[in-house]
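Below are the chains, spelled out letter by letter.
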Amino acid sequence: MTNNLPELSVKEKERRWTLLRDRLMANGLSALIVYGGSQLGVPVHYLSGVWGTRMNMVIFPVEGEPVLLIPSNSGQTPEKVAERGCWIDVENIRLSPNLATDTARHIIDLKLERSRIGIDSYRWWPVYDYQQFSDICPDVEVVEAHRLFGEIRGPKSDEELAVMRKAIEISDLAHYAFLANLSPGITEEQAAGKAVEVLDAHDIGDRIILIHSNPQATYPNRPGPAIIRKPDPVTFSPEFTRNRGYGAQMIRAYWWEEPKDIYKKMFELWGEMRKMVEAEFRPGVEITDAGKKIEELVTEYGFECDKLGHAVGLSYGDAPYITAGPHEKDYMEWTILAREVYAVHPMVRCKGYVAPFSMIGDMYFIGEDKTTRMTTALSGLPEFIPE
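Residue numbers restart at each chain and count upward from 1, following the sequence in its written direction. Note on the predicted model: pLDDT of at least 70 is required for a residue's local features to be given, and 80 or more for side-chain atom pairs to be given and counted; whole-chain, interface and lining totals, by contrast, use all residues. Values shown for side chains rest on all heavy atoms present in the structure; no hydrogens or waters enter the calculation.

Q: Any chance you could break down the sheet that holds strand 14 (residues 341-344) for me, citing the residues and the numbers?
A: The pairing criterion for strands is at least two bridges between them, as found by DSSP. Counting from the N terminus, the helices are DSSP H or I runs at least four residues long and the strands are E runs at least two residues long. Strand order in the open sheet formed by 5 strands is 13-12-14-17-18, and the pairing between neighbours is antiparallel. The open sheet has two free edges, formed respectively by strand 13 (318-321) and strand 18 (371-373), since each of these has just one partner strand. For this sheet the average axis-to-axis angle between neighbouring strands, irrespective of direction, equals 30°. Relative to strand 14, strand 12 (residues 309-311) runs antiparallel, the two being bridged by 3 bridges. By the bridge assignment, Gly309 is partnered in strand 14 with Val344. Axis lines are fitted through C-alpha atoms, for helices just across the contact stretch, and the angle between N-to-C directions can take any value from 0 to 180 degrees.

Q: Would you mind going over helix 5 (residues 127-136) in detail, with residue names and values included?
A: Only protein chains enter the area calculation, which uses a 1.4 Å probe; residues under 20% of their type maximum are buried, those over 50% are exposed, and those in between are partly exposed. Within helix 5 the residues assigned to the buried category are Asp129, Gln132 and Phe133. Taken around the axis of helix 5, the buried residues stretch over an arc of 100°, which confines them to a single face. Across from the buried face of helix 5, at angles greater than 90 degrees, the exposed residues are Val127, Tyr128 and Asp135. Two residues form a contact once any of their heavy atoms are found within 4.5 Å. Close packing links the buried residues of helix 5 with strand 1 (31-35), helix 4 (99-109) and strand 6 (141-144). This arc is built from the directions going out from the helix axis to the C-beta atoms.

Q: Describe the side chain of Gln249, naming the residues involved and giving the relevant values.
A: With respect to the secondary-structure elements, Gln249 resides in strand 9 (residues 247-249). For Gln249, a relative accessible area of 3% puts it in the buried group. By the criterion applied in these results, polar contacts are pairs of N or O atoms within 3.5 Å in which, for protein atoms, one can donate a hydrogen and the other can accept it, and in which residues neighboring in sequence qualify only through two side-chain atoms. Polar contacts involving the side chain of Gln249 include one to the side chain of Glu239, which spans 3.3 Å. For Gln249, the side chain forms a polar contact with the side chain of His310, separated by 2.9 Å.

Q: For the sheet that holds strand 1, give the residues involved together with the corresponding values.
A: Pairing within the open sheet is mixed, and its 6 strands lie in the order 4-3-2-1-5-6. Two strands lie at the open edges of the sheet, namely strand 4 (93-96) and strand 6, each paired on one side alone. Taking the axes of each pair of neighbouring strands and ignoring which way they run, one obtains an average angle of 25° across the sheet. Direction of pairing for strand 2 (residues 57-61) relative to strand 3 (residues 67-71): antiparallel, over a ladder of 3 bridges. For Ile59, the partnering residue across the bridge sits in strand 3 and is Val67. The sheet contacts of helix 6 (residues 146-153) involve strand 1, strand 5 (116-120) and strand 6, and relative to strand 5 the element is tilted by about 65°.

By themselves, these are just geometric observations and shouldn't be taken as functional.
The structure is reproduced here in C-alpha cells:
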C-alpha cells in the first residue's frame, strides 16, 4: 500500500500559517476563505497538507484554528482525512451539506460577521454560493485575496524545493524510458508506454501526457494510434503531480538526424530562449514583461507562439501563468518573486499558425541574484535518438 502521508514537516506548516496570519493582519483582514475549486484544490492542500475534492473549503482565521469543510456526500470522513496526515485537527474537519452556508455560520461563530475577509478566489467561487453566504453574513466585506495568498505560496522553502527535485528526477527517468523505447513503426501510445510505466511506479497522480510526431501538425496531442516514422521528429511532454504533492514538467525534442532549414533556426531560438530566461526572469519583473520578452524573441526569429508557461508548485501547473498581457488567456497581474519556480515552454510555429512546430520546456528557479535551469537532463537541442 502506498504511503501518501505528507513529506513536509510541521515546521513547514507553521511557516505557512504564520506567514498567512501576518499577511492577513497587515491587510486588515480577519480571515481567509479558500475555496477548493481553484487549481484542482491546490490552495486548500497548501494549508491542510492533504489533497481533497475540488469542493473543499478552508476557513483560516487570524485568531483561532482553521477549519476544513468537506462535502457530506464526498465519501470522506474527518477521521479518514486526518489519517492522510491533515495538518488541521480532526475536530476541525467537518462534513458539510452546503459549504457556503456552513462557512457563513462558522464566520458568525468566530464573531467575524462584521469584518473584512479574504477569498481565494472570486474566479472560482460560484455566484450562487456567494449569494447564500452574503444572505447570512450581509455585513462581511469579502475581498479578493488570490494574489495575497499567491505571494505566500509562490516562494518555495528548502523543504518544498527538495520534494520538487524528486519530481524532476522522476521526470528525467520517464524521458530516459521514452527515449530508450522510441523506434520507427510503433504507435505514439506504444512509444509513451514505458514512460507512463515509470510514472505509475512512482505514484504519480494528476498528469497530462502530450506527444508530437506529425510534421504537419501545429499542436501536440495525447499519445494515440499514429505511427512513429523515421525521420519525423518526436516531441514528448509529460507533466505531472506526485500524489504526495509537487510536480514537474520537462519537454524534449527527439530527432533522428540533424535539423535543417526552418527547424535549424528553431533550435537556434531555443538556445537563445534558455539564455534569455536566465537573464530576464528575476525578482521584481512583471510577469507580463517576462511574457513579452518570450514573444519578442520568438518574433525576432520569424515565428509565433502561444502557451508560454506557468509557475510550478504543489501542482505541475500553478498560478501565475505567463502571458504578455490581458488580451491573452490566463492573464493575471503578478510580479516575479525570489524562490519561485517556473516552467517556460512556448509552443513555437510559423506565422499564421502553420507548421512546422517545435517545443522545448524547462523549469527555472528564480534565485535572489541568479536564475538557474533546474531541468538539465537530455539538454540537447535537439536530443538525438540512438540507432
